[in-house]
Amino acid sequence: MQDHEGLHSRLKNCLQTILELEPDLERLELGGELMQEFTVLKSFMERLDAVLLDEDDVRRIERATANFLEELKGPVSAMRRRGEQHRLLQ
């Protein structure tokens, strides 16, 4: 069984990975509701150390994060390619 600190570290890694996508998601205009969720997520990160976790919870969140990233891979990659092409033309 993994220690409490290790579980929190894994969860924090998932949340930070998602938060790093915020600028890209804003550029993709994926809806105000999703942007509101980033505020909630940031607030949760501040209280993360007080959350009790178990291995199953963290695994489920890791899978959900991986699925979320997979769903966004196409739109984010396309947006970044368009941005690079735009910069090359300038």
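Before reading on, note that the structure itself is shown above.
Keep in mind that what you see is a predicted model, and the values were worked out from it rather than measured.

Draft legend 1. Spatial organisation of the overall build of the protein. Within the protein one finds four helices and zero strands. Split into buried and exposed, the 90 residues of the protein put 29% on the buried side. Counting contacts in the protein only where the partners sit at least 6 residues apart, residues at least 24 apart contribute 77% of the total.

Draft legend 2. Main features of the side chain of Asp-24. One can find Asp-24 in helix α2 (residues 22–28). Residues contacting Asp-24, with those up to four places away along its chain left out, are Val-76, Met-79 and Arg-80.

Draft legend 3. Layout of the nonpolar core. In this structure, Leu-25 and Phe-38 are the most contacted members of the largest nonpolar core, which totals 18 residues. Residue assignment for this core shows that the elements contributing at least two residues are α1 (4–19), α2, α3 (32–46) and α4 (55–89). The dominant element in this core, judged by the number of residues it contributes, is α1, at five residues. Sequence-distant contacts of Phe-38, defined by excluding residues within four places in its chain, comprise Ile-18, Leu-19, Glu-22 and Leu-25.

Draft legend 4. Expanded view of the environment of Lys-73. Mapped onto the secondary structure, Lys-73 falls in helix α4. At 3.1 Å, the side chain of Lys-73 and the side chain of Glu-70 are in polar contact.

Draft legend 5. Representation of the side chain of Arg-10 in the model. Checked against the element boundaries, Arg-10 lands in helix α1. When its relative accessible area of 19% is taken as the criterion, Arg-10 is described as buried.

Draft legend 6. Structural detail: the pattern of salt bridges. Per the stated rule, a full pass over the model turns up six salt bridges. A salt bridge links Arg-10 to Glu-55; the shortest N-O distance between them is 3.0 Å. Taken as a pair, Arg-10 in helix α1 and Glu-55 in helix α4 lie far apart in primary sequence, 45 residues in all. For Glu-55, a relative accessible area of 21% translates into the label partly exposed.

Draft legend 7. Highlighting the environment of Gly-6. Its location among the elements puts Gly-6 in helix α1. Assessed through its relative accessible area of 13%, Gly-6 is described here as buried. Between the C-alpha atom of Gly-6 and that of Glu-55, which follows or precedes it by 49 residues, the distance is 9.8 Å.

Draft legend 8. Up close: α1. Taking 1.5 Å of rise per residue, 16 residues should cover 22 Å, and α1 covers 22 Å from first to last C-alpha, within 8% of that figure. Taken together, the buried positions of α1 are Gly-6, Leu-7, His-8, Arg-10, Leu-11, Cys-14, Leu-15, Ile-18 and Leu-19.

Thresholds applied
- Counting of residues starts from 1 at the beginning of each chain's written sequence and follows it residue by residue.
- Residue-level local features of this predicted model are given only where pLDDT is at least 70; pairs of side-chain atoms are given and counted only at 80 or more, and the full residue set underlies all totals for whole chains, interfaces and linings.
- As a rule here, side-chain values cover all heavy atoms of the structure and leave hydrogens and water aside.
- Only DSSP runs of H or I covering at least 4 residues are called helices, and only runs of E covering at least 2 are called strands; the numbering of each starts at the N terminus.
- Working definition: with a 1.4 Å probe on protein chains only, accessible area under 20% of the residue-type maximum means buried, over 50% means exposed, and in between means partly exposed.
- Throughout, a contact is declared for two residues whenever any of their heavy atoms are within 4.5 Å.
- The definition of a nonpolar core used throughout is a set of buried Ala, Val, Leu, Ile, Met, Phe, Trp, Tyr and Cys residues joined through side-chain atoms within 4.5 Å.
- A 3.5 Å cut-off defines polar contacts: any pair of N or O atoms within that distance qualifies, except that in protein one atom must be a possible hydrogen donor and the other a possible acceptor, and neighbouring residues in sequence count only when both atoms are side-chain atoms.
- Every case where a carboxyl oxygen of Asp or Glu lies within 4 Å of a side-chain nitrogen of Lys or Arg is listed as a salt bridge.
- Here, expected helix span is obtained from the residue count minus one, scaled by 1.5 Å.

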